[in-house]
Structure formats: C-alpha cells, structure tokens
Amino acid sequence: MASDNVYLNGEFLPLSEARVSVLDRGFIFGDGVYEVIPCYGWHPFRLAEHLTRLRHSLEGIRLDNPLSQQEWESLIHQLIQQGESPDQSIYLQVTRGTASRDHGFPACATPTVFAMSNELKSPDAALLRQGVAAITLDDIRWRYCNIKAISLLPNVLLRQQALDQGANEAILLRDGEATEGAASNLFIVAGGVVITPPKDNRLLPGITRDLVVELAHGAQIPFREHPVTEAELRRADEIWLTSSTKEILPVTRLDGADVSGGSPGPAWRQMYQLYQEYKQQLRGSGDGGY
Ligand code: PDD
C-alpha cells in the first residue's frame, strides 16, 4: 500500500481520498480528542500509556471508546508498517461523529476515528546546542487541560504569539504558577533538584513528562513534583520543555533574559542522554514497544 495511507473509520486509504463530513462535530464544535504517539525504529513509544491517556480523554468528554485496546494496537501497528520511515509520529483523533448541528450530544452518531502517520524528525542539533527561547503568557485555556481535546484554538494563539516574538514556545502562567507550555510540559532545575508541576486539570499529563520523572528516579537525580511559581521559574537554574515531538528542549532565554547562562545546563545534558538511551533501547527491542 502507498505510504501516504491514513486510517479512517475502519479502512486504510490514501490521504487524498480520506473524507469527513462538514457536519462532523470535530469540524463544527472541536468536539473530540487526540493523541500523538512517537515511534522509534518502527516501535511505538509508550503505547500503553498513550492509549490509557486516550481512554481518559474520551471519558473526560463522555464519549465511549470506539475501539478496543487490541483494535487500537492493531491499527497503530498497521499504520506504522505502512510508513516509510522507522521514526514516525502517529496522530489519532476521535470525534463525536456527524450529526445535525446541535450543542447537545447527538442521540445516535458514530464516532469518527482518524489516524495518520508522519515522519518524525528529532529536534535539530543546533537547537539542542543553543537551546530555545520561550516567553511567558497568561494561560487563556479552559479548565480541563488534562483532556487532550482537539479544540486547540487557545494553544494555537499562544504558540503563534511566541513564534511572532521569535520564541519557540509560550510558558503558561495561571494563578501565579507556571503550569506547562502551549504544547509541552515544563520542568525547572533549582539548586540541583529537578522540579515539575504536579498533574492536575491545569496541564496535560504528558507521556514524555512521566518518562523524564521515571528516568530521574532511575538515575537517582533529586526530583520533586511541586508547583512552580512565576518567581521560581524566573530564577530557575535550568528550564526544560518536554513533548513527544520536541523530546526534551532546553530553554536558554525566557522573556529575553538568559537562562542557565544562555546555554543548555548540565542537568539537561544528563537527562537528554538518558532519554536518548531509552529511545535507543526501544529501537533495538523486539517487543513492539509494549
Ligand atoms: N502535544 N502539554 C500540552 C498542552 C501538549 O499539547 C503536549 C503535547 C504536551 C506533552 O505531552 P506528550 O509528552 O504526551 O507529548 C503537554 C502534542 C505533541 C501535540 O499537540 O502535537
């Protein structure tokens, strides 16, 4: 099959032939959820964790899971096999389906299930050498940021504001605390301790975040899950952003001021190394990432 194949409602077909109704509630209301699953050396990365988060997101919007665990796994593996590159980013989206426009849930609509794969490129070496700039912005999103909802307009506007100012990401502030990025989780390093805000409704429970926490424990790196105030963010020794596509990015400028002397710090270097080792193990594993 051609490598531009996508999955839509039970079949694999070329992207150019995939069609969804304009009455789909994803299009009309942004009524759906999604996942982004990296895949290294043809192996999905933390698949079980991604599918668990998808289940929680579906529960969060009161939508029955349209596929069983086994069906999801089979779909994802088929998509990966049809891809051209060993490193891919798998995108899954489930919407409440097509129905005449009405805010209330439709009495009987079949969820739309869409999945596609794109080549996944690791962040640029130059970006890792220099680190990235971030700006702080007021978190204008809703109160259920733990749900990976497709209604991402606030995230889009926040990210674009960062890009417009020559920064790579917006770090979001709510109630005097820095919670996460527009599409990434936040870590700081202060006095040798790696700190990330606890998981609550103000941030997405990132799969990369959880792995970084696990790696810190495994390597006995001092770690705390603790709220990060704006003041703590500003005086942090290091700031990192994590996501499935960014991996772990060092922030070296915040609102125009240098962070960790303007270059990636030693704690980032250690964690980045551990993360790369984890990826390498996955590439070499024969278990398909389970
Ligand atoms: N976004 N926080 C937000 C708001 C995100 O959108 C993401 C990821 C993360 C990191 O989660 P994870 O480590 O599971 O990728 C945190 C994906 C990559 C996206 O929207 O494309």
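The shown structure was predicted, so the numbers you read here are calculated from the model rather than taken from an experiment.

**Q** How do you make sense of a negative patch on the surface when you look at a structure like this?
**A** A contiguous patch of negative charge, built from D4, E11, E17, E84 and E119, is present on the exposed surface. Tracing the chain through its elements places E11 in strand β2 (residues 11-14).

**Q** What's the story with the site of the ligand in this structure? I'm lost.
**A** The environment of the ligand is formed by 20 residues, the closest being Y34, R53, E180, T208 and S244. In this structure, I207 approaches the ligand through a main-chain N or O atom, which is 2.9 Å from an oxygen atom. Within the complex, the protein chains bury 89% of what would otherwise be the 470 Å² of accessible surface of the ligand. Put simply, the ligand lies in the largest pocket. Of the residues assigned to the shell around the ligand, the class counts are 6 nonpolar, 10 polar and 4 charged. Residues from two domains meet in the shell around the ligand; each of domain 1 (5-119) and domain 2 (125-280) gives at least three.

**Q** For this particular structure, what's the right way to read the pairing of strand β9 (residues 177-181)?
**A** Along any regular strand the residues' side chains alternate between the sheet's two faces. In terms of burial, β9 is a largely internal element, 5 of the 5 residues being buried. Adjacent in sequence and paired antiparallel, strand β8 (residues 169-174) and β9 are bridged by 2 residues, among which D175 carries a positive phi angle near 50°. Alignment of β9 against strand β13 (residues 228-229), held across 2 bridges, turns out to be antiparallel. Within β13, the position partnered with E177 by the bridge is T229.

**Q** Could you clarify how one ought to interpret the nonpolar core in this entry?
**A** One recurring pattern in soluble globular proteins: nonpolar side chains tend to sit buried together. The biggest cluster of nonpolar side chains holds 39 residues, and the ones touching the most others in it are I171, L233, I239, W240 and M271. Broken down by secondary-structure element, the contributors of at least two residues to this core are β7 (132-138), β8, β10 (185-190), β11 (193-196), α6 (207-218), β14 (238-243), β15 (247-254) and α8 (266-284). Considering every element that reaches this core, the biggest residue donor is α8, with 6 residues. Residue contacts for L233: discarding those within four places in its chain leaves T136, I171, A178, L186, I188, V228, I239 and L254.

**Q** I would appreciate a short explanation of the environment of D102 in the present structure.
**A** The residue D102 is located in the loop between β5 (88-95) and β6 (112-119) in this model. In this structure, the C-alpha to C-alpha distance between D102 and I28, residues 74 residues apart in sequence, is 9.6 Å. Those residues in contact with D102 that lie beyond four places of it in its chain are R25 and F29.

**Q** It is not clear to me how the layout of surface pockets should be interpreted in this structure. Could you clarify?
**A** If a probe as big as a water molecule is rolled over the atoms, it shows which places are left empty. Within this model, the largest pocket holds a volume of roughly 670 Å³. Those elements that place two or more of their residues in the lining of the largest pocket are β3 (32-40), α5 (153-164), β9, α6 and β14. The element contributing the most residues to the lining of the largest pocket is α5, with 5 residues. Of the residues that constitute the lining of the largest pocket, the class distribution is 16 nonpolar, 11 polar and 6 charged. Of the domains in this structure, domain 1 (5-119) and domain 2 (125-280) are the two that each give at least three residues to the lining of the largest pocket.

**Q** Before we go on, may I ask you to explain the pattern of salt bridges in this structure?
**A** Where side chains of opposite charge bring their charged atoms close, a pairing between them can arise. Under the definition given, this model contains 20 salt bridges. With a shortest N-O distance of 4.0 Å, E49 and R46 are connected by a salt bridge. Measuring nitrogen to oxygen at the nearest pair gives 2.8 Å for the salt bridge that ties R46 to E214. Of this pair, R46 sits in the loop between β4 (43-44) and α2 (47-60) while E214 sits in helix α6; the two residues are 168 residues apart in sequence, bridging distant segments of the chain. R46 sits in the buried class, given a relative accessible area of 10%. Several salt bridges share partner residues, and in doing so they unite D139, R141, R174 and E180 into one network.

**Q** How should the packing of α6 against α8 be read in this particular structure?
**A** Relative orientation and spacing of two packed helices are given, respectively, by the angle between their axes and the distance between those axes. Their axes nearest at 10 Å, the elements α6 and α8 cross at an angle of 105°. It follows from the interaxial angle that α6 and α8 lie roughly perpendicular. Taken together, the residues of α8 that come into contact with α6 (itself represented by T208, L211, V212, L215 and A216) are M271, L274, Y275 and Y278. Split by residue class, the contact of α6 with α8 holds 8 nonpolar, 1 polar and no charged.

**Q** Before we go on, may I ask you to explain the packing of α2 against helix α3 (residues 69-82) in this structure?
**A** The N-to-C vectors of α2 and α3 enclose an angle of 125°; their axes lie 11 Å apart at closest approach. Classed by the angle they form, the pair α2 and α3 counts as oblique. Considering how the two elements wind past one another, α2 and α3 form a crossing that is right-handed. Note on element contacts: α3 touches α2 through Q69, W72, E73, I76 and H77, opposite L47, L51 and L54. Per-class residue counts for the contact of α2 with α3 are 5 nonpolar, 2 polar and 1 charged.

**Q** Would you take a moment to explain α2 for this structure?
**A** Residues three or four positions apart in an α-helix share a direction because the helix packs 3.6 residues into each turn. The first and last C-alpha atoms of α2 sit 20 Å apart over 14 residues, in line with the 20 Å expected at 1.5 Å per residue. Restricting attention to buried positions, one finds in α2 the residues L47, H50, L51, R53, L54, S57 and L58. Angularly, the buried residues of α2 cover 160° about the axis, an arc narrow enough to put them on a single face. Tucked inside the fold, the buried residues of α2 contact β3, β4, α3, β5 and α6. Phi turns positive, to about 55°, at R62, one or two residues after α2.

Criteria and thresholds
- Residues numbered from 1 in each chain as written.
- Predicted model: local features only at pLDDT ≥ 70, side-chain atom pairs only at ≥ 80, totals over all residues.
- Heavy atoms only, no water.
- Patch = residues over 30% accessible without salt bridge, like charges linked within 9 Å, V, L, I, M, F, W, Y side chains within 5 Å.
- Areas by Shrake-Rupley, 256 points an atom, 1.4 Å probe, with all protein chains shown as cover.
- Salt bridge = Lys/Arg side-chain N within 4 Å of Asp/Glu carboxyl O.
- Lys, Arg positive; Asp, Glu negative; His and termini not counted.
- Charge placed at Lys NZ, Arg CZ, Asp CG, Glu CD.
- Helix = DSSP H or I, 4+ residues; strand = E, 2+ residues; numbered from the N terminus.
- Near = heavy atom within 4 Å.
- Polar contact = N/O pair within 3.5 Å; in protein donor to acceptor, adjacent residues only side chain to side chain.
- 1 Å grid on protein atoms, 1.4 Å probe; cavity = no way out; pocket = protein on both sides within 12 Å on 5 of 7 lines; lining within 4 Å.
- Sits in = over half its atoms within 2 Å of the grid points.
- Nonpolar A, V, L, I, M, F, W, Y, C, P; charged D, E, K, R; others polar.
- Domains from an automatic or database assignment.
- Buried < 20%, exposed > 50% of the residue type's maximum accessible area, 1.4 Å probe, protein only.
- Pairing = 2+ DSSP bridges.
- Core = buried A, V, L, I, M, F, W, Y, C linked by side-chain atoms within 4.5 Å.
- Contact = heavy atoms within 4.5 Å.
- Points joined across faces, edges and corners; volume = space filled by probe spheres on them.
- Axes fitted to C-alpha atoms, helices over the stretch in contact; angles between N-to-C directions.
- Parallel < 35°, antiparallel > 145°, perpendicular 65-115°, else oblique.
- Left-handed = near helix turned anticlockwise from the far one by under 90°.
- Expected span 1.5 Å × (residues − 1).
- Arc of directions from axis to C-beta.

The values are spatial; any link to function lies outside them.
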